[in-house]
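Examining the three-dimensional arrangement
What follows is each chain in one-letter form.
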Amino acid sequence: MFCNRNIYLIGYRCTGKTTIGRILASIIKFCFLDTDEEIETQKLASIASIVKQNGWKKFRDIEKNILFKTGKLNNHVVATGGGIITLDKNVQFMKKKGIVIWLKAPAHIIIGRMAKDPTSSYLRPSLTGKTIEDEAISVLSRRIPIYQDACDFEFDTSFLSPEKIAENIKRKILSA
């Protein structure tokens, strides 16, 4: 059984990291941690307000510190923020401390999910100031190669249920 390591879920916004992460943690009897939720809890502020007051660089520093604290944990599924892979130190850390799984979906699926989510603008502040569509396409084009290089395994979240994806991840991890 896979144990004494963490599972890090990476991927763009609205690819299911939190939802699938909670389900996966439950079925493999791991604890669950969401880095974005942890940041908001520790800072007593939303990510949007942290970014608005301090900028993206400061947010990425806070995010890195939260991520590195997971190094003291074992048997956790960690849902990370979509941009956590923009710092190479973060990628190297996750690879050293566990298995890195990329949850992915095409831009049109992500855009559709963001449009349906009333909390998207609050929970997911703009990275570029562009429209949701333009931003997703632009940012994904830069990040996809980074996600590919960072991950041990990848799973498309476009069409299967979160429960099925979590089961598929479990099977892959147990067979690795």
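Before reading further, recall that the structure is shown in the block above.
We now turn to the structure provided with this report. (Residues numbered from 1 in each chain as written. Predicted model: local features only at pLDDT ≥ 70, side-chain atom pairs only at ≥ 80, totals over all residues. Heavy atoms only, no water.)

1. So, the sheet that holds strand S5 (residues 153-156)
- Across the sheet, 5 strands lie side by side as S2-S3-S1-S4-S5; this open sheet has parallel pairing. A strand with exactly one partner marks an edge of an open sheet, and here the two such strands are strand S2 (31-34) and S5. Ignoring which end each strand starts from, the neighbouring axes of this sheet average 20° apart.
- Sheet topology note: the strand S4 (residues 98-104)/S5 ladder contains 4 bridges and is parallel. From the neighbouring strand, Leu103 faces S5, where its bridge partner is Phe155.
- Seen against the sheet, helix H1 (residues 17-28) touches strand S1 (6-10), S2, strand S3 (76-79) and S4 and runs at an angle of roughly 165° to S2. (Pairing = 2+ DSSP bridges. Helix = DSSP H or I, 4+ residues; strand = E, 2+ residues; numbered from the N terminus. Axes fitted to C-alpha atoms, helices over the stretch in contact; angles between N-to-C directions. Contact = heavy atoms within 4.5 Å.)

2. Structural notes on the pattern of salt bridges
- Counted under the stated rule, the structure contains 5 salt bridges.
- Salt-bridge contacts for Glu135 lead to Arg13; the nearest nitrogen and oxygen are separated by 3.3 Å. Of the two residues, Glu135 is situated in helix H7 (residues 132-150) and Arg13 in the loop between S1 and H1; the sequence distance between them amounts to 122 residues.
- For Glu135, a relative accessible area of 3% translates into the label buried.
- On the basis of relative accessibility, which here comes to 10%, the residue Arg13 falls in the buried class. (Salt bridge = Lys/Arg side-chain N within 4 Å of Asp/Glu carboxyl O. Buried < 20%, exposed > 50% of the residue type's maximum accessible area, 1.4 Å probe, protein only.)

3. Concerning the pairing of S3
- Residues His76 and Val78 of S3 are buried on one face, and the alternating residues Val77 and Ala79, pointing to the opposite face, are buried as well.
- Note that S1 and S3 share 3 bridges and pair parallel. Considered in S3, the bridge of Ile7 is made with Val77.
- Where S2 and S3 come together, 4 bridges link them in parallel fashion. Within S3, the residue paired with Asp34 across the bridge is Ala79.

4. Notes on a positive patch on the surface
- A cluster of like positive charges, contributed by Lys43, Lys58, Lys69 and Lys72, occupies part of the molecular surface.
- Along the chain, Lys58 falls in helix H3 (residues 47-69).
- Its relative accessible area of 41% is what places Lys58 among the partly exposed residues. (Patch = residues over 30% accessible without salt bridge, like charges linked within 9 Å, V, L, I, M, F, W, Y side chains within 5 Å. Areas by Shrake-Rupley, 256 points an atom, 1.4 Å probe, with all protein chains shown as cover. Lys, Arg positive; Asp, Glu negative; His and termini not counted. Charge placed at Lys NZ, Arg CZ, Asp CG, Glu CD.)

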